[in-house]
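If you want the building blocks of each chain, they are given just below.
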Amino acid sequence: MHAVGLMAAPEMHFLLVPLVAQGHIIPMVDLARLIAARGPRVTILTTPVNAARNRPAVDAAANAGLAVELVELPFPGPQLGLPEGLENADQMVDRTMYLKFFQAIWKMADPLEEYVRALPRRPDCLVADSCNPWTAGVCAAFGIPRLVMHCPSAYFLLAVHNLSIHGVYDRVGDDETEEFEVPDFPVRAVGSKATFRGFFQWPGVEKEQQDVLDAEATADGMLINTFRGMEGAFVDAYAKALGKRTWAVGPTCAASAVMGDADAKAGRGNRADVDAGHIVSWLDARPQASVLYISFGSIAQLPAKQVEELARGLEASGRPFVWAIKEAKADVAVRALLDDEGFEERVKDRGLLVRGWAPQVTILSHPAVGGFLTHCGWNATLEAISHGVPALTWPNFADQFSSERLLVDVLRVGVRSGVKLPAMSSTGVDVGVQVTSEDVEKVVAELMDGGTEGVARRSRAKELAAEARAAMEEGGSSYTDLGDMIRYVSELSRTRCHEKKASSTSLPSMATDLGSKNGHEKIEADAALSVHS
Ligand code: UDP
């Protein structure tokens, strides 16, 4: 990544406030790097546990000359009875903790306000994850322009929006499985309430859901981690529906800083539970596109009986695989399957198990990897797309079913595993085994071979990867959108500062204070530089 015209004096200042969940922090750290590479200074605000996980990535960016820093805000979990140190959604051992977890997140407004109040100058912009609506009040009080960052696909955002405004969710009521078609949608999309559930669309979090909608409605604009070449129709329709300026700035994982730096790749989001070098050597010894990588992301946990079916299917498939099996950390039955019942020993010549956090982008970027059995988290989906790896889709909850539809039906770079419902019903009932070992064997063969269709799928995946990377390069659509966003914020910050001048709570604007030479004109100069260099 080149730091276009980075100057010694700080210029515009962005605050980034990610949701404390891996699938939200990782792209926000990428975004911080991308914004800083265009000139502004960026501060990522998160809790101590999450700061520690991401410090190596942020330090690496700072050492590369980017003005990026991490600042810790205390996590109010213990005030609500959550254990000390529980600060990330992937630490939630029990789903009954979720309500308190989100209530604690909402309480982060107080330390955020304290932080902003102590700053010598008002920041120019706060970018908040869409699930952090509690930032809105702080921004309003200090006159800070606020953008919402969406971490799921534009497909999902538009589908949920249309289903809500056309009253489809209300019509089906409690029936989770009644099928419907998404109205007024750029493509035909059929599903049920269970597979089109929006964020915070569960009983008990109605207030939180309303806060999210309100904060989105009052935001100064939206960022979506996607690119126009792939999701332009969904991005435009969503922007129009909300009447908001919207910038598609992804896939952030395809930025050359993430793709090109081996350490940055291996340490994304957390320290891996296995040496990345060992995995790379293991993959080096395998033929091109022969290995299946399996991961269910940071949160979804398969029940032991489903893990067993998957294990038997992988064994029967006879193919090499790398399996990030985080269930082995806490689930005694899964450990027994791997150890006492000898699964790991039986497949040791062709199966590599990572019992915890895997260096996912390192794995996906290796040429030996030819398929990705994924839970279809949006980041995993973008990572598969950016690396040209066809997907075997196994969604678990939330937006994951939409990512499956996009991968299989729209982009045609995926094969379905056969999952029909979220792994847990909305009332917390485990739906049990949905994919048997025979199914696994069959769909793995289809993905990894698949005859003529398999070859065509692989070729489409490679083309899409090239488009994704091009979008992030200088002159690409996401690169351009990011520049537009920075220019827009620069103007907005200036205006907001004038509007706020009379208010006693306002802090002076950094950009205005430093004068247009160092602040706003600098961005324009950068933009000109980037066009002409
Ligand atoms: N991830 C990783 N190693 C793992 C599991 C996940 O690096 O063992 C990363 C993955 O590359 C992605 C993020 O964590 O960037 C997970 O986000 P996603 O949206 O895919 O799923 P979620 O965890 O939110 O369900």
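Bear in mind the structure is a predicted one, so any value in this text is a computation, not a measurement.

**Student:** Hey, could you go over helix H4 (residues 109-118) for me, with residue numbers and the actual values?
**Tutor:** Of all the positions in H4, only Ala109, Pro111, Leu112, Tyr115 and Val116 are classed as buried. Taken around the axis of H4, the buried residues stretch over an arc of 165°, which confines them to a single face. Residues of H4 that are exposed and angled more than 90 degrees away from the buried face: Asp110, Glu114 and Ala118. The inward-facing, buried residues of H4 contact strand S1 (13-17), strand S2 (41-46), strand S3 (68-72), helix H3 (98-106), strand S4 (125-129) and helix H5 (135-142).

**Student:** Kindly report on the packing of helix H6 (residues 154-165) against helix H9 (residues 228-242), identifying the contributing residues and their values.
**Tutor:** Contact geometry of H6 with H9 gives a least axis separation of 8 Å together with a crossing angle of 40°. In terms of axis orientation, H6 runs oblique to H9. For H6 against H9, the interelement crossing comes out left-handed. In this structure, H6 contributes Ala154, Tyr155, Leu157, Leu158 and His161 to the contact, and H9 contributes Glu231, Phe234, Val235, Ala237, Tyr238, Ala241 and Leu242. Residue composition of the contact of H6 with H9, grouped by class: ten nonpolar, one polar and one charged.

**Student:** Tell me what's going on with the nonpolar core, and back it up with residues and numbers.
**Tutor:** Grouped burial of nonpolar side chains is what soluble globular proteins tend to show. In this structure, Phe185, Phe196 and Met230 are the most contacted members of the largest nonpolar core, which totals 38 residues. Mapped onto this core, the elements with two or more residues apiece are H6, helix H7 (168-172), strand S8 (222-224), H9, helix H18 (378-386), helix H19 (400-410) and helix H21 (451-472). The greatest single-element share of this core, amounting to eight residues, is contributed by H6.

**Student:** Report on the sheet that holds S3, specifying residues and quantitative values.
**Tutor:** Pairing within the open sheet is parallel, and its seven strands lie in the order S3-S2-S1-S4-S5-S8-S9. Each of the sheet's edge strands pairs with one partner strand only, and the pair in question is S3 and strand S9 (246-248). Across the sheet, the mean angle from the axis of one strand to that of its neighbour is 25°, orientation sign disregarded. Note: S8 against S9, three bridges, orientation parallel. Looking at the pairing, Ile224 lines up with Ala248 of S9.

**Student:** Requested: an account of helix H1 (residues 22-36), with residues and values cited.
**Tutor:** Given a rise of 1.5 Å per residue, 15 residues ought to cover 21 Å, and the 21 Å separating the end C-alpha atoms of H1 matches this to within 8%. Of all 15 residues making up H1, 14 are buried, and the element is well covered by its neighbours.

**Student:** Account for the packing of aromatic side chains, with residues named and values stated.
**Tutor:** Aromatic ring pairs: the centre-centre distance and the angle between the two ring planes describe each pair. Tallied over the full model, the rule gives 19 aromatic pairs. Considering the side-chain rings of Tyr98 and Phe101, the 6.3 Å spacing of their centres and the 90° angle between planes classify their relative orientation as edge-to-face. With Tyr98 and Phe101 both in helix H3, this residue pair falls three residues apart, about one helical turn. Using a relative accessible area of 22% as the deciding quantity, one classes Tyr98 as partly exposed.

**Student:** Talk me through the site of the ligand; I want residue IDs and the actual numbers.
**Tutor:** By nearness alone, 17 residues border the ligand, and Ser298, Ala358, Asn379, Ala380 and Glu383 come closest of all. In the environment of the ligand, a nitrogen atom lies 2.7 Å from a nitrogen or oxygen atom belonging to the backbone of Ala358. The contact in question runs from an oxygen atom of the ligand to an N or O atom on the backbone of Ala380, over 2.9 Å. In the complex, the protein chains occlude 94% of the 530 Å² of accessible area that the ligand would expose alone. Every element with two or more residues in the shell around the ligand is listed here: H1 and H18. Per element, the largest residue contribution to the shell around the ligand is four residues, and it comes from H18. Considered class by class, the residues forming the shell around the ligand number six nonpolar, nine polar and two charged.

**Student:** An account of the UniProt feature "domain: Glycosyltransferase N-terminal" (unreviewed entry) in the chain is requested, with residue identities and associated values reported.
**Tutor:** When the UniProt feature table is mapped onto this chain, "domain: Glycosyltransferase N-terminal" (unreviewed entry) is found at residues 15-251. Measuring from the first to the last C-alpha atom of residues 15-251 gives 20 Å, for a span that is 43% helix and 14% strand.

**Student:** Could you give an account of the environment of Pro74, naming the residues involved and the relevant values?
**Tutor:** Tracing the sequence through the fold places Pro74 in the loop between S3 and H3. It is 31 Å that separates the C-alpha atoms of Pro74 and Leu157, two residues lying 83 residues apart in sequence.

**Student:** Give me the sheet that holds strand S13 (residues 369-374): which residues, what numbers.
**Tutor:** Spatial strand order, S12-S11-S10-S13-S14-S15: six strands in an open sheet with parallel pairing. Pairing within the sheet leaves two strands with one partner each, and these edge strands are strand S12 (351-354) and strand S15 (414-416). The mean angle between the axes of side-by-side strands here comes to 20°, regardless of whether they run parallel or antiparallel. Here strand S10 (residues 291-295) runs beside strand S11 (residues 321-324); their pairing, made up of three bridges, is parallel.

Rules behind the numbers
- Numbering of residues begins from 1 in every chain and follows the order in which that chain's sequence is written.
- Local features in a predicted model are, by the rule used here, given only for residues with pLDDT of at least 70; side-chain atom pairs are given and counted only at 80 or more, and totals for whole chains, interfaces and linings are based on all residues.
- As a convention, hydrogens and water are excluded, and side-chain values are obtained from all of the structure's heavy atoms.
- Throughout this description, buried means an accessible area under 20% of the type-specific maximum (1.4 Å probe, protein chains only), exposed means over 50%, and partly exposed covers the range between.
- A run of DSSP states H or I qualifies as a helix once it reaches four residues; a run of E qualifies as a strand once it reaches two. Both are numbered from the N-terminal end.
- Read the arc as the range of directions from the helix axis to the C-beta atoms.
- Two residues form a contact once any of their heavy atoms are found within 4.5 Å.
- Lines fitted to C-alpha atoms define the axes, with helix axes restricted to the stretch in contact, and inter-axis angles between N-to-C directions lie between 0 and 180 degrees.
- Angles are sorted into four bins: roughly parallel if under 35 degrees, roughly antiparallel if over 145, roughly perpendicular if 65 to 115, and oblique for all others.
- Crossing handedness: left-handed means the near helix sits turned counterclockwise from the far one by under a right angle, and right-handed means the same turn made clockwise.
- For this scheme, ten residues count as nonpolar: Ala, Val, Leu, Ile, Met, Phe, Trp, Tyr, Cys and Pro. Four count as charged, namely Asp, Glu, Lys and Arg, and the remainder, Gly too, count as polar.
- By convention a nonpolar core is built from buried Ala, Val, Leu, Ile, Met, Phe, Trp, Tyr and Cys residues, the set being connected through side-chain atoms within 4.5 Å.
- Two strands qualify as a pair provided that DSSP identifies no fewer than 2 bridges between them.
- Multiplying 1.5 Å by the residue count of a helix minus one yields the expected span of that helix.
- Working definition: a ring pair exists when centres of Phe, Tyr or Trp rings (six-membered ring for Trp) sit within 6.5 Å. Plane angles under 30 degrees give stacked, over 60 give edge-to-face, the rest tilted.
- Nearness here has a simple test: a residue counts as near a molecule or strand if at least one of its heavy atoms is within 4 Å of that partner.
- N or O atoms within 3.5 Å of each other form a polar contact, as long as, within protein, one can give a hydrogen and the other can take it, and as long as residues adjacent in sequence are counted only when both atoms are side-chain atoms.
- Residue-level accessible areas treat just the shown protein chains as cover; the underlying method is Shrake-Rupley with a 1.4 Å probe.
- UniProt positions are given in the numbering used here, feature names are shortened, and annotations may be inferred rather than shown by experiment.

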